[in-house]
Amino acid sequence: VTKCTNSIISTQFKKMLAERKKQEKDVYKKRGAMSMTICSKFRDQLSKLIKHLAKTRTSYIRCIKPNNHREPRVTDHMVTMRQLGSAGLVIAIDISQKMFPNQLPYDIVWDRFRCLLKASVDPELDYKGRAVVLLSSTLKGDDRVVSGKSTAPYVCGKTK
């Protein structure tokens, strides 16, 4: 292969051959007269793979079939949940909800976001009342229409 007429391929294979010879010399130096066994090669390859995986960011795409009949706009929730469960996504979502909650106590909402409020708020109001005033004035006009009904972008004290 090193006698290939294509200069790019020939150069790359020469580099690979030189690296392999260097590795063999290093192994010989490390282990003395003992040659590299299949087990030690596997161990080395596995450690390289683990190092490489540690440097990367884990992500994957999993396609979920909404139904077994391949019909458009039809979702079989049992089929979908079974696929999500087998992919481990239900557990991952559960963990991420616990780590990054989307529900905040009223006092934290008030402390974090009161700087967005342009008007003053009655100091006699409890934290829930302050949060309602804050969110309604800040998110005014952000209502969405879902199934013909207008919904607010937030709900105080309830899960949407």
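Residues numbered from 1 in each chain as written. Predicted model: local features only at pLDDT ≥ 70, side-chain atom pairs only at ≥ 80, totals over all residues. Heavy atoms only, no water.

**Q** I'd like to hear about the nonpolar core, residue by residue, with values.
**A** Counting residues in each nonpolar core, the largest one holds 6 residues, listed as Val109, Trp110, Leu117, Val121, Ala131 and Leu134. Broken down by secondary-structure element, the contributors of at least two residues to this core are helix H5 (106-113) and helix H6 (127-138). Beyond its immediate chain neighbours, meaning those up to four positions away, Trp110 contacts Leu117, Val121, Tyr127, Arg130 and Leu134. (Core = buried A, V, L, I, M, F, W, Y, C linked by side-chain atoms within 4.5 Å. Buried < 20%, exposed > 50% of the residue type's maximum accessible area, 1.4 Å probe, protein only. Helix = DSSP H or I, 4+ residues; strand = E, 2+ residues; numbered from the N terminus. Contact = heavy atoms within 4.5 Å.)

**Q** How would you sum up the packing of aromatic side chains? Please name residues and give values.
**A** Throughout the structure, instances matching the rule amount to 0 aromatic pairs. The ring centre of Tyr127 lies 5.3 Å from the NZ or CZ of Arg130, which sits over that ring. (Phe/Tyr/Trp six-rings, centres within 6.5 Å; stacked < 30°, edge-to-face > 60°. Lys NZ or Arg CZ within 6 Å of the ring centre and 35° of its normal.)

**Q** Describe in detail a nonpolar patch on the surface, supporting the description with residues and values.
**A** A cluster of nonpolar residues, Phe42, Leu46, Leu49, Ile50 and Leu53, forms a patch on the protein surface that exposes about 490 Å² of accessible area. Residue placement: Ile50 occurs in helix H2 (residues 38-55). Given the relative accessible area of 52%, Ile50 is considered exposed. (Patch = residues over 30% accessible without salt bridge, like charges linked within 9 Å, V, L, I, M, F, W, Y side chains within 5 Å. Areas by Shrake-Rupley, 256 points an atom, 1.4 Å probe, with all protein chains shown as cover. Salt bridge = Lys/Arg side-chain N within 4 Å of Asp/Glu carboxyl O.)

**Q** Go over the side chain of Arg130, please, and point to the residues and values.
**A** By the element assignment, Arg130 lies in helix H6. Buried charge Arg130 goes without a salt bridge, the closest partner of opposite sign being Asp111 at 6.6 Å. A polar side-chain atom of Arg130 sits 3.1 Å from the main-chain carbonyl oxygen of Pro123. Setting aside anything within four residues of it in sequence, one finds Arg130 in contact with Trp110, Val121, Asp122, Pro123 and Leu125. (Lys, Arg positive; Asp, Glu negative; His and termini not counted. Polar contact = N/O pair within 3.5 Å; in protein donor to acceptor, adjacent residues only side chain to side chain.)

**Q** Please set out unusual backbone geometry residue by residue, giving values where relevant.
**A** Comment: phi is negative for the bulk of residues other than glycine, and the bulk of peptide bonds are trans. The backbone of Arg70 sits at a positive phi, close to 55°, despite the residue not being glycine. With respect to the element layout, Arg70 can be found in the loop between H2 and helix H3 (77-86). When its relative accessible area of 75% is taken as the criterion, Arg70 is described as exposed. At Arg73, a position not held by glycine, the phi torsion is positive, near 60°. Checked against the element boundaries, Arg73 lands in the loop between H2 and H3. Residue Arg73 is classed as exposed on the basis of its relative accessible area of 85%.

Everything listed here is a matter of coordinates, which is why it stays silent on function.
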